[in-house]
Amino acid sequence: NWKRKAREKLSVLLGMHKFTLVDTDLQIEYETEIENATEIRFTYQSELGYRVPGHMFLPKDVTNPPVIICLQGHSSGMHISFGRPKYQGDEETIKGGDRDFCVRALKEGFAAIAIEQRSFGECSMQDGKLCMNSAMAALLQGRTTVGERVWDVMRLIDVIEESFADKVDINKI
């Protein structure tokens, strides 16, 4: 009973009631072979008018791999997860080897998916990583940036199940 009440309260605090299911409208932008994987660049609609960019990496020589959703913390974007510097300072962030999540997942035989979280990288309003303005805008709408990011991941799981079930093991996300 307490777990149910806690989940309900958390949902309200995150503003999850502000979201409406829409068609994900998956669009594949490209598919290419890289050294140890197939890379698929895609976007999907998580809510009306908002598209989430992402990359899926499928390891070569692994059939129906389990999936790891690789989410960056405070960084300049999803490109850090695949070890590709894009902005000044990215080389230093990647250098330690503990932020390029997709690279490691592939080495372990997993499919890896990274999405651009709201307010970071391609979805940033400023310089690739500052999220204060968009966080304040979300609060003014009765939402939270954390809630928006959770919603985007929930919709990503729908995309995996709807559109990538022939490429990965959807029972092991």
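The structure reproduced in this document is the subject of the present report. Keep in mind it's a predicted model, so treat the numbers as computed, not measured. Every chain is numbered on its own, with residues counted from 1 as its sequence reads. In keeping with the predicted nature of the model, local features appear solely for residues at pLDDT of at least 70, side-chain atom pairs appear and are counted solely at 80 or more, and the whole-chain, interface and lining totals rest on all residues. Computation of side-chain values covers all heavy atoms of the structure but excludes hydrogens and water.

**Things to note about helix α1 (residues 2-14)**
Part 1 of the argument: Per the convention used, a helix needs a DSSP run of H or I reaching at least four residues, while a strand needs a run of E reaching at least two, with both numbered from the N terminus. By this rule, a helix spans an expected 1.5 Å times one less than how many residues it contains. If you check α1, its first and last C-alpha atoms are 18 Å apart, about what 13 residues at 1.5 Å a residue would give, namely 18 Å.
Part 2 of the argument: Phi turns positive, to about 80°, at G15, one or two residues after α1.

**Points about the packing of aromatic side chains**
Part 1 of the argument: When two rings of Phe, Tyr or Trp (its six-membered ring) have centres within 6.5 Å they constitute a pair, described as stacked for plane angles under 30 degrees, edge-to-face for angles over 60, and tilted for the intermediate range. Counted according to the given criterion, the structure contains four aromatic pairs.
Part 2 of the argument: Between F57 and F82, the ring centres sit 5.1 Å apart and the planes meet at 50°, which makes this aromatic pair tilted. On the criterion of sequence distance, the pair formed by F57 in strand β3 (residues 50-59) and F82 in the loop between β4 (67-70) and α2 (90-95) is long-range, its members being 25 residues apart.
Part 3 of the argument: Among the aromatic residues, those joined into a ring-pair cluster are F42, Y44 and F164.

**Some remarks on the nonpolar core**
Part 1 of the argument: The biggest cluster of nonpolar side chains holds 16 residues, and the ones touching the most others in it are F42, Y44, M56, I113, I115, L156 and V168.
Part 2 of the argument: Taken together, the elements giving at least two residues each to this core come down to β2 (37-47), β3, β5 (111-115) and α5 (145-163).
Part 3 of the argument: Residue contacts for V168: discarding those within four places in its chain leaves M56, L58, N64, P65, V67, A111 and I160. Definition used in this section: a nonpolar core is a set of buried Ala, Val, Leu, Ile, Met, Phe, Trp, Tyr and Cys residues joined via side-chain atoms within 4.5 Å. For every residue, the accessible area obtained with a 1.4 Å probe (protein chains only) is divided by the maximum for its type, and the residue is called buried under 20%, exposed over 50%, and partly exposed between those limits. Two residues form a contact once any of their heavy atoms are found within 4.5 Å.

**Re the sheet that holds strand β1 (residues 27-34)**
What holds strands together in a sheet is hydrogen bonding between their backbones, with the strands either parallel or antiparallel.
Part 1 of the argument: Strands are treated as partners if at least two bridges between them are detected by DSSP. Ordered by their spatial adjacency, five strands build an open sheet running β1-β2-β3-β5-β4, and the pairing between neighbours is mixed. The outermost strands of the open sheet, each flanked by one partner alone, are β1 and β4. Along the sheet, successive strands turn relative to each other by an average axial angle of 20°, direction set aside.
Part 2 of the argument: Relative to β3, β2 runs antiparallel, the two being bridged by ten bridges. Among the inter-strand pairings, T38 is bridged to a residue of β3, identified as L58.
Part 3 of the argument: Axis lines are fitted through C-alpha atoms, for helices just across the contact stretch, and the angle between N-to-C directions can take any value from 0 to 180 degrees. Sitting on the sheet, α5 is in contact with β2, β3, β4 and β5, with an inclination near 120° to β2.

**A short note on the pattern of salt bridges**
Part 1 of the argument: Definition used for salt bridges: Asp or Glu carboxyl oxygen within 4 Å of a side-chain nitrogen of Lys or Arg. All chains considered together, the criterion is met by 15 salt bridges.
Part 2 of the argument: As a salt-bridge pair, R41 and E29 come within 3.0 Å of each other at their nearest N and O atoms. Of the two residues, R41 is situated in strand β2 and E29 in strand β1; the sequence distance between them amounts to twelve residues.
Part 3 of the argument: Classification of R41 by relative accessible area gives buried; the value is 10%.
Part 4 of the argument: By relative accessible area, which is 46% here, E29 ends up partly exposed.
Part 5 of the argument: The closest approach of N and O atoms between E47 and R143, which form a salt bridge, is 2.6 Å. Placement of E47 in strand β2 and of R143 in the loop between α4 (132-140) and α5 is noted, with a sequence separation of 96 residues between them. The exposure classification of E47 matches that of R143, with both residues buried.
Part 6 of the argument: Here the residues in one salt-bridge network are E47, R118, R143, E148 and D152, joined through shared partners.

Shape is all these values report; function is a separate question.
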